Amino acid sequence: MAYPSAPWTLRGYALQTVQLIDIERVRPLIPKEFEIVSVFPGKTIGGVYLSNYGPGSVLEYSELIVVAGLVRYTSRVGGWISHIYVDNADSVEGGREIWGLPKQMADFTWKDSDRTTSGYNKRVIVRQGEQTLCRLSYHPQNFGLPLPFSGDVFSTELASILLFKGELQAQVGLVSSEVQVPVGSPFASLGLEQPWLTFHCDQLRLVAGTPEVVGRQEAAFSY
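As the structure is a computational prediction, the values presented were derived from the model and not from experiment.

1. So, the sheet that holds strand β7 (residues 107–112)
Line of reasoning, step 1. Strand order across the open sheet formed by four strands is β7-β8-β9-β12, with antiparallel pairing between neighbours. Edge positions in the sheet fall to β7 and β12 (177–180), since each of these pairs with one other strand and no more. Between one strand and the next, the sheet's axes are offset by a mean angle of 10 degrees, whatever the strand orientation.
Line of reasoning, step 2. Bridge count for strand β8 (residues 122–128) against strand β9 (residues 131–138) is seven bridges, and the pairing is antiparallel. Residue R127 lies in a different strand from β9, and its bridge partner there is T132.

2. Topic: the environment of D87
Line of reasoning, step 1. In this structure, D87 sits in the loop between β5 (76–86) and α2 (89–99).
Line of reasoning, step 2. Polar contacts involving the side chain of D87 include one to the main-chain amide nitrogen of S62, which spans 2.8 Å.

3. A short note on unusual backbone geometry
Line of reasoning, step 1. Looking along the chain, the bond that leaves A6 and enters P7 is cis, with omega of 0 degrees.
Line of reasoning, step 2. Among the secondary structure elements, P7 is positioned in the segment before β1 (8–22).
Line of reasoning, step 3. Despite not being glycine, L158 shows a phi value in the positive range, around 55 degrees.
Line of reasoning, step 4. Tracing the chain through its elements places L158 in the loop between β10 (145–157) and β11 (160–174).
Line of reasoning, step 5. Given the relative accessible area of 77%, L158 is considered exposed.
Line of reasoning, step 6. At Q203, a position not held by glycine, the phi torsion is positive, near 50 degrees.
Line of reasoning, step 7. Residue position: Q203 is located in strand β13 (residues 197–208).
Line of reasoning, step 8. On the basis of relative accessible area, Q203 is assigned to the exposed category, the value being 60%.

4. Details of the pattern of salt bridges
Line of reasoning, step 1. Counted by the stated rule, this structure contains eight salt bridges.
Line of reasoning, step 2. Among the salt bridges present, the one from R76 reaches E212, with a minimum N-O distance of 3.5 Å. In this pair, R76 is assigned in strand β5 and E212 in strand β14 (residues 212–216), connecting sequence segments 136 residues apart.
Line of reasoning, step 3. By relative accessible area, which is 38% here, E212 ends up partly exposed.
Line of reasoning, step 4. Across the pair K122 and D112 runs a salt bridge, and its minimum N-O distance is 2.6 Å. Within this pair, whereas K122 is found in strand β8, its partner D112 is found in strand β7, the two being separated by ten residues in sequence.
Line of reasoning, step 5. Here K122 falls in the partly exposed class, since its relative accessible area comes to 28%.
Line of reasoning, step 6. By relative accessible area, D112 is classed as exposed at 55%.
Line of reasoning, step 7. Put simply, D22, R25 and K43 are held in one network by salt bridges that share partners.

What counts, and at which threshold
Residues numbered from 1 in each chain as written. Predicted model: local features only at pLDDT ≥ 70, side-chain atom pairs only at ≥ 80, totals over all residues. Heavy atoms only, no water. Pairing = 2+ DSSP bridges. Helix = DSSP H or I, 4+ residues; strand = E, 2+ residues; numbered from the N terminus. Axes fitted to C-alpha atoms, helices over the stretch in contact; angles between N-to-C directions. Polar contact = N/O pair within 3.5 Å; in protein donor to acceptor, adjacent residues only side chain to side chain. Buried < 20%, exposed > 50% of the residue type's maximum accessible area, 1.4 Å probe, protein only. Salt bridge = Lys/Arg side-chain N within 4 Å of Asp/Glu carboxyl O.

This is the structure:
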């Protein structure tokens, strides 16, 4: 086993967008056992999470997570990850086998941005082969508050429904940003290009908890 056992502790920095997403757009991406939580009529809440985990982490890698919405299973509410990309093969294997997450490999470029053309100081570009998956341009935070946050995430592994907790501590500040998702990107249909809010998380410490089995998916029969 090349990857560490759960829980994983990861340190670095991250960006999290928050936006409203049409429920009808995400329904095909979420198993039927889950109820999609509506925060406004016809809308759920999701976003894009981009991170770079460095020294002090159980594995060092960059990550792109697409949270397609909030879902409910029985009495519990959590996020649903529809797409997830990293640049570390051990993270791919561990993410799939421990948490049942659909991790894929991608390339990440974190760089200074040309303000004369974009208006932003920083940019991260995620590519998979020749396909650009996502670009996020932003201004680094000037001021952040030390904030803790925790949230539940659902996933599935074979026929099991899993739930795990993510616990985050960071210097968190609001920043301005621009998100671009090209037409050919696998998650372009979600309409993620107009963030409502964007948070920059510096001095990040994230713990991805050990998943627990909370249910079973219904068997699909064909005749």
